[in-house]
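Summary of the model geometry
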Amino acid sequence: MTVFTSAELDTPIARVWSIVGDFSGLARWHPLVERCEVKGDGPGAIRTIHFADWWAEERLEGRDETAHFISYAITDSCRPEVIGVVGSISLTALPDDRTRIEWTSGHQDDHPYAPAINPPLEAYYPARIGHLRDALARAA
């Protein structure tokens, strides 16, 4: 995975995890999601995310409540170039009830769609972290 984004949030890790760690709750903090349907529970669960003009299916690869880590893979989409993108979000508690979020995603460098997909992700994930901040402020 070649795209890495990190940020510090002025929110305790438990509150951040309650949103980020909820595989079925993506629409709570991603404003472009029109709806999200989940089948199954735990690793192997599939969520289908519907945006205004496209959709993607993601499989939950792993989720560790204690380590505050979640990983996923895009397994199907109406945009074939995103199929195979894998990602993970990891949270780390910081002093003063702050949290570091680290988001890694994209295609491996040798993937044929990496040049088309990875550069836009470099802007996409910081924007999503901004939306996460907004959702955390609303939930306060």
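Fair warning: this is a prediction, and the values are worked out from it, not measured in the lab.

This brings us to the packing of aromatic side chains. Each pair of aromatic rings is reported with the distance of its centres and the angle of its planes. Within the structure shown, the criterion is met by four aromatic pairs. Ring centres of Phe51 and Trp54 lie 4.6 Å apart, and the angle between their planes is 10 degrees; on these two criteria the pair is classed as stacked. Comparing Phe51 with Trp54 shows no difference in burial state: the two are buried. With centroids separated by 5.1 Å and ring planes inclined at 85 degrees, the aromatic side chains of Tyr124 and Tyr125 adopt a geometry described as edge-to-face. In this structure an aromatic cluster arises from ring pairing among Trp29, Trp103, Tyr124 and Tyr125. Over the aromatic face of Tyr72 sits the side chain of Arg47, whose NZ or CZ is 5.9 Å from the ring centroid. Seen from the ring of Tyr124, Arg128 lies directly overhead, with NZ or CZ sitting 4.5 Å from the centre.

Cut-offs used in this document
- Residues numbered from 1 in each chain as written.
- Predicted model: local features only at pLDDT ≥ 70, side-chain atom pairs only at ≥ 80, totals over all residues.
- Heavy atoms only, no water.
- Phe/Tyr/Trp six-rings, centres within 6.5 Å; stacked < 30°, edge-to-face > 60°.
- Buried < 20%, exposed > 50% of the residue type's maximum accessible area, 1.4 Å probe, protein only.
- Lys NZ or Arg CZ within 6 Å of the ring centre and 35° of its normal.

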